[in-house]
Amino acid sequence: MKKVITYGTFDLLHYGHINLLRRARELGDYLIVALSTDEFNWNEKHKKCYFSYAERKMMLEAIRYVDLVVPEENWEQKNTDVVKYGADVFVIGDDWKGKFDFLKDKCEVVYLPRTPEISTTQIKDSLKEGGK
Ligand code: C2G
C-alpha cells in the first residue's frame, strides 16, 4: 500500500483544499492528513482559525480522499511522521516549493500547483466586504 502524507490548517475548507487532497490521494492508495492544531496555528503560523481543530478534523474525515487525520503540533515532526506512518510520498502545495526537500532521503517529495483564485484569507476578506 502506497501511503501519502500532507500537512495543513484547512480552515474554512474550500475547493482549493479539496483539489489538493484529491491529487494527493491519486499519488497513492492511502492519504494521511497532519492537521495543524489550534495551538500550532496560533503560536507558529499566527493564524486564528474560524473552526476549531475538532471541527476541522471532522470535516476532513468526511472527505472521500482522506483516510486518516492526525495532529500537526510543530514544524519538526515531519521527519518522524514519515517513518511513524510509513509514508512513501510527502505532498504539499507549491507555495512551499523547496521548503521540505530535506524529506527526500526518507520519501518522495511532491509540490502540487495551488488552485488559483481561492484562499481562506480571500474568503474572510470577501465576507468583510459583504461577500462575493
Ligand atoms: N492549497 C492549494 N490551493 C489553494 C489553497 C491551499 O493547493 N488555493 C493547499 C496548500 O498549498 C496546502 C493545503 O492546501 O498544501 C492546505 O493549505 P493551508 O491550510 O493554507 O495549509 P498551510 O498553512 O500551507 O500549512 O507544515 C506545513 C503547514 O502546516 C502547511
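Now for a look at the structure at hand. This one's a predicted model, so the numbers in the text were calculated from it and none came from an experiment. (Residues numbered from 1 in each chain as written. Predicted model: local features only at pLDDT ≥ 70, side-chain atom pairs only at ≥ 80, totals over all residues. Heavy atoms only, no water.)

The subject of this paragraph is the site of the ligand. Inspection of the region around the ligand gives 21 residues, with Lys 47, Glu 72, Lys 78, Thr 115 and Ile 118 positioned closest. One of the side-chain N or O atoms of Ser 36 is found 3.5 Å from an oxygen atom in the ligand. At a separation of 2.6 Å, an oxygen atom of the ligand approaches a polar side-chain atom of Glu 72. Counting atoms within 2 Å of the grid points, the majority share of the ligand lands in the largest pocket. Among the elements of the structure, strand 1 (3-8), helix 1 (15-25) and strand 4 (89-93) are those that each provide at least two residues to the shell around the ligand. Taken together, the residues of the shell around the ligand sort by class into seven nonpolar, eight polar and six charged. (Near = heavy atom within 4 Å. Polar contact = N/O pair within 3.5 Å; in protein donor to acceptor, adjacent residues only side chain to side chain. 1 Å grid on protein atoms, 1.4 Å probe; cavity = no way out; pocket = protein on both sides within 12 Å on 5 of 7 lines; lining within 4 Å. Sits in = over half its atoms within 2 Å of the grid points. Helix = DSSP H or I, 4+ residues; strand = E, 2+ residues; numbered from the N terminus. Nonpolar A, V, L, I, M, F, W, Y, C, P; charged D, E, K, R; others polar.)

To continue, consider the layout of surface pockets. Looking at the largest pocket, its volume works out to about 670 Å³. Thr 9, His 17, Lys 47, Asp 95 and Arg 114 are the residues nearest the centre of the largest pocket, which is lined by 32 residues in total. Breaking the lining of the largest pocket down by element, the ones donating at least two residues are strand 1, helix 1, strand 4 and helix 5 (120-128). The greatest single-element share of the lining of the largest pocket, amounting to four residues, is contributed by helix 1. Residue composition of the lining of the largest pocket, by class: 11 nonpolar, 11 polar and 10 charged. (Points joined across faces, edges and corners; volume = space filled by probe spheres on them.)

Glancing now at the pattern of salt bridges. Tallied over the full model, the rule gives nine salt bridges. Residue Glu 26 pairs with Arg 22 through a salt bridge whose shortest N-O separation is 3.5 Å. Glu 26 sits in the exposed class, given a relative accessible area of 56%. A salt bridge links Arg 114 to Asp 95; the nearest nitrogen and oxygen atoms lie 3.0 Å apart. Residue Arg 114 is located in the loop between strand 5 (108-112) and helix 5, and its partner Asp 95 is located in the loop between strand 4 and strand 5; the two are separated by 19 residues in the primary sequence. Judged by its relative accessible area of 44%, Arg 114 is partly exposed. (Salt bridge = Lys/Arg side-chain N within 4 Å of Asp/Glu carboxyl O. Buried < 20%, exposed > 50% of the residue type's maximum accessible area, 1.4 Å probe, protein only.)

What follows is about the side chain of Ser 36. In this fold, Ser 36 is placed in strand 2 (residues 30-36). In this structure the side chain of Ser 36 is engaged in a polar contact, spanning 2.8 Å, whose partner is the side chain of Glu 72. Once you skip the residues sitting within four places of it in the chain, Ser 36 turns out to touch Gly 8, Thr 9, Asn 41, Lys 45, Tyr 53, Arg 56 and Glu 72. (Contact = heavy atoms within 4.5 Å.)

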